[in-house]
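# Overview (structure and organization)
These are the residues of each chain, in order.
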Amino acid sequence: ELKEIVFIIQSQSNSFHSKRAEDLKRDILKQAADLGKELPTILLIHQMNGHEGAWTILPLMRDFSIAYGRNSSWIFFCEEDTRIQVVKLQETLGRFDGSKEWFLGKALYDEESTIIHHYAFAENPTVFKFPDFAAGWALSIPLVNKLAKKLKSEPLKSDFTIDLKHEIALYIWQKGEGPHLTPVPEFCTDDVKVDHCATTFSNFLPLCGEPVKKEDVFVAVKTCQKFHGDRIPVVKQTWEREAALIEYYSDYADISIPTIDLGVPNTDRGHCGKTFAILERFLNHSSSRTPWLVIVDDDTLISIFRLRKLLSCYDPNEPVFLGERYGYGLGTGGYSYITGGGGMVFSRIAVQKLLASKCRCYSMDAPDDMVLGMCFSGLGIPITHSPLFHQARPMDYPKDYLSHQIPVSFHKHWNIDPVKVYFTWLAPNTGESLDGKKVGYNREDL
């Protein structure tokens, strides 16, 4: 029965995202009503109070078990841009015996061992499957109950949440004692309705009106003298021309670039002091009419052209802190943060609120992205996640996962030709339409 499926939309509190989640909820309820069925339960994760780490899902298992453990059969998770054919989904789940432990989804796997998964399954990473959240994924209630029980006695081990879909699959798998992901061909990420698909996905690159103007985005590049010779030339050969307002911040003033010495000595890691100096400079020295700040590393590859489209969806009058979301200590009341390498995007008002608070670096070489996450969490300003920002290189992600994205950034120059990566994955090309639809890329295997 449809009423035995609990839908969980992996929503966010930012106004753009919450509206999309509400639209999806309405669509599911309308489909159910049109069928004359009893309406299913639909929950939006960002409305589930009391959990800073609700987006990591596992901390919610006990709540799900208590609330739905007796009268439901499935918990079905989806993203705000997942499109669901309710009848087809009901039929698909009906093929599985709901009294058994099932973990269902569209399977992804790593082509090679990757640092974002701590080199899990180093011998043969392709053997371990994890779900593509965009296609939707499902847990049977017996498995939810089992996970809830396990989490009560055995808290989550890792302090960090880096790639949630992989980490959830790893936790459920329990070193071989729990179920593997069962691939379900009806869970799809095609952007067109395919007859057999219960789900589809269409968020390649959202566009909500005209792209924001070039002059509305101030780009700050963090660098240091030892990288002036190898990393900065890559920026200049690739994406620098897309930025109208760009400054390079270093520990040494080099007029040939030019770089600005902020008077903050370089640190081998962390860079918190430098980042806060950049935030102060943006507030005090850039035009107050510039609504957006982007801070990137000197080895970040980014499409400012696409970022301007993406930012058309966000209200610069809201405190926005946007990028790829990670989590720290979320099982025990920690915080979420935007990981720096993929690029951190701030609305001016977010920077104003942050600097008006007393929250600062506890040391000059503290990890800047984590300190910012801690500060914004303390201010009650939510992190806004976009899967289009990437902390690692294209080869560090499953091909199938990247196939339904128009990425905004990648990070790191290790063992790749960064200029080639930029022109293959990020450069605006003549076929790139303004309506956010998927376009053809000549993406050779990198």
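Per-chain numbering applies: the sequence of each chain, read as written, is numbered from 1 onward. A pLDDT threshold of at least 70 governs which residues receive local features in this predicted model, and a stricter bar of 80 or more applies before side-chain atom pairs are shown or counted, although totals over entire chains, interfaces and linings include all residues. With hydrogens and water excluded, all non-hydrogen atoms of the structure serve as input to the side-chain values.

Attention shifts here to the sheet that holds strand S10 (residues 182-183). Two strands are said to pair when DSSP picks up at least two bridges between them. Secondary structure counts use DSSP, requiring at least four H or I residues in a row for a helix and at least two E residues in a row for a strand, with both numbered from the N terminus. The mixed open sheet is built from six strands, whose spatial order is S2-S1-S3-S8-S5-S10. A single partner strand is all that each edge strand has here, and the edge strands are strand S2 (41-44) and S10. Should any heavy atoms of two residues lie within 4.5 Å, those residues are considered in contact. Orientation is described by axes fitted as lines to C-alpha atoms, over the contacting stretch for helices, and by angles from 0 to 180 degrees between their N-to-C directions. Along the sheet, helix H3 (residues 86-94) makes contact with strand S1 (5-10), strand S3 (74-79), strand S5 (103-105) and strand S8 (137-140), crossing S1 at roughly 115°.

Before going further, it helps to examine helix H10 (residues 368-379). Helices are assigned an expected span. That span is 1.5 Å times one less than the residue count. In this model, H10 (twelve residues) spans 16 Å end to end at C-alpha, consistent with the 16 Å of a helix rising 1.5 Å per residue. Looking at the residues trailing H10, positive phi occurs at glycine 380, about 75°.

The next point concerns the UniProt feature "domain: Fringe-like glycosyltransferase" (unreviewed entry) in the protein. UniProt positions are given in the numbering used here, feature names are shortened, and annotations may be inferred rather than shown by experiment. The feature "domain: Fringe-like glycosyltransferase" (unreviewed entry), as annotated in UniProt, sits at residues 67-151 and 211-421 in this numbering. The annotated region residues 67-151 carries 26% helix and 24% strand content, and the separation between its end C-alpha atoms amounts to 16 Å. Taken as a whole, residues 211-421 contains 27% helix and 21% strand, while its terminal C-alpha atoms sit 24 Å from one another.

The relation between two aromatic rings is expressed through the spacing of the ring centres and the mutual angle of the planes. Classification of ring pairs uses Phe, Tyr and Trp, with its six-membered ring standing for Trp, and accepts pairs whose centres are within 6.5 Å; under 30 degrees between planes counts as stacked, over 60 as edge-to-face, and the remaining range as tilted. Per the stated rule, a full pass over the model turns up 23 aromatic pairs. Ring centres of tyrosine 328 and tyrosine 335 lie 5.7 Å apart, and the angle between their planes is 45°; on these two criteria the pair is classed as tilted. Residue exposure (1.4 Å probe, protein chains only): buried if accessible area is under 20% of the type maximum, exposed if over 50%, otherwise partly exposed. With a relative accessible area of 10%, tyrosine 335 lands in the buried category. The rings of Phe64, Phe77, Phe103, Phe133 and Trp137 are connected pair by pair, giving a single aromatic cluster. Think of it as a cone above the ring: NZ of Lys or CZ of Arg counts as a charge over the ring if it is within 6 Å of the ring centre and within 35 degrees of the ring normal. Cation over ring: arginine 231 sits above phenylalanine 227, and NZ or CZ is 3.5 Å from the ring centre. The ring of phenylalanine 282 carries arginine 348 above its face, with NZ or CZ at 4.2 Å from the centroid.

Moving on, we get to the sheet that holds strand S18 (residues 325-328). The sheet built from three strands is open, its strands ordered S9-S18-S19 with antiparallel pairing. The sheet is open, and its two borders are formed by strand S9 (160-161) and strand S19 (335-338), each paired with just one other strand. Bridging between S18 and S19 involves four bridges; their strand directions are antiparallel. Paired with arginine 325 across the bridge in S19 is isoleucine 338. Strand contacts of H10: S9, S18 and S19, with the helix running at about 130° to S19, the strand carrying the most contacts.

Further remarks concern a nonpolar patch on the surface. Grouping into patches uses exposed residues only, defined as over 30% relative accessible area, and leaves out salt-bridged ones; the cut-off is 9 Å for like charges and 5 Å for nonpolar side chains (Val, Leu, Ile, Met, Phe, Trp, Tyr). Methods summary: accessible areas were calculated by the Shrake-Rupley approach with a probe of 1.4 Å, and residue burial reflects only the protein chains presented. Any carboxyl oxygen of Asp or Glu within 4 Å of a side-chain nitrogen of Lys or Arg constitutes a salt bridge here. On the surface, a cluster of nonpolar side chains totalling about 330 Å² of accessible area is made up of Ile115, Tyr119 and Trp414. Looking at the element boundaries, tryptophan 414 is found in the loop between strand S22 (409-411) and helix H12 (418-425). What makes tryptophan 414 partly exposed here is its relative accessible area of 45%.

In this section: the nonpolar core. Buried residues of nine kinds, namely Ala, Val, Leu, Ile, Met, Phe, Trp, Tyr and Cys, make up a nonpolar core once their side-chain atoms join them within 4.5 Å. Ranked by size, the top nonpolar core spans 86 residues in total, and within it Met61, Phe64, Leu139 and Leu307 carry the most contacts. Per the annotation, domain bounds derive from an automatic or database assignment of domains. Two domains each provide a minimum of three residues to this core, namely domain 1 (2-201) and domain 2 (214-426). Setting aside chain neighbours within four positions, we find leucine 139 in contact with Met61, Ser73, Trp74, Ile75, Phe77, Trp102, Phe103, Val144, Leu147 and Ile172. Within the second largest apolar cluster, 25 residues are counted, among which are Ala220, Phe282, Phe321 and Ala350.

What sets the pattern is the α-helix's 3.6 residues per turn: residues three or four places apart point alike. Of all the ten residues making up helix H5 (residues 164-173), eight are buried; the element is thus mostly covered by neighbouring parts of the structure. All buried positions along H5 are accounted for by Leu164, Lys165, His166, Ile168, Ala169, Tyr171, Ile172 and Trp173. In the segment just after H5, glutamine 174 is the residue with positive phi, at about 50°.

This part is about the side chain of aspartate 396. Tracing the backbone through its elements, the reader meets aspartate 396 in the loop between strand S21 (384-385) and helix H11 (399-402). Given a relative accessible area of 5%, aspartate 396 falls into the buried group. In contact with aspartate 396, not counting residues within four places along its chain, are Thr114 and Ile116.

Criterion for a disulfide: a pair of cysteine sulfur atoms at a distance within 2.5 Å. Overall, the coordinates contain four disulfides when judged by the stated rule. Through a disulfide, cysteine 188 is tied to cysteine 197; the S-S separation comes to 1.9 Å. Taking the torsion about the sulfur-sulfur bond, which here is approximately -95°, the covalent link between cysteine 188 and cysteine 197 counts as left-handed. The partner cysteine of cysteine 272 in its disulfide is cysteine 361, sulfur to sulfur 2.2 Å. Its S-S torsion of approximately -85° makes the covalent link between cysteine 272 and cysteine 361 left-handed. One end of the pair, cysteine 272, is in helix H7 (residues 272-285); the other, cysteine 361, is in the loop between helix H9 (348-356) and H10, and 89 residues separate them in sequence. Overall, the relative accessible area of 0% leaves cysteine 272 in the buried class. Overall, the relative accessible area of 22% leaves cysteine 361 in the partly exposed class. In the protein, the bonded cysteines, numbered by position in the sequence, are linked as 1-2, 3-5, 4-7, 6-8. Free of any disulfide, cysteine 224 has its nearest neighbouring cysteine sulfur in cysteine 272, separated by 16 Å.

Of all six residues that make up strand S12 (residues 217-222), six are buried, and the element is covered over most of its length. Residues of S12 alternate between two faces, with Val217, Val219 and Val221 on one and Phe218, Ala220 and Lys222 on the opposite face, all of them buried. Here S12 runs beside strand S15 (residues 292-297); their pairing, made up of six bridges, is parallel. The partner of valine 219 across the bridge, within S15, is valine 294. Looking at chain direction, S12 and strand S13 (residues 245-250) are connected through five bridges and run parallel. Residue pairing for S13: alanine 220 is matched across the bridge by glutamate 247. A crossover counts as right-handed when, viewed with the strands pointing away from the observer, the path leading from the first strand over the helix to the second turns clockwise. For the handedness criterion, the β-α-β arrangement of S12, helix H6 (residues 231-237) and S13 is classed as right-handed.

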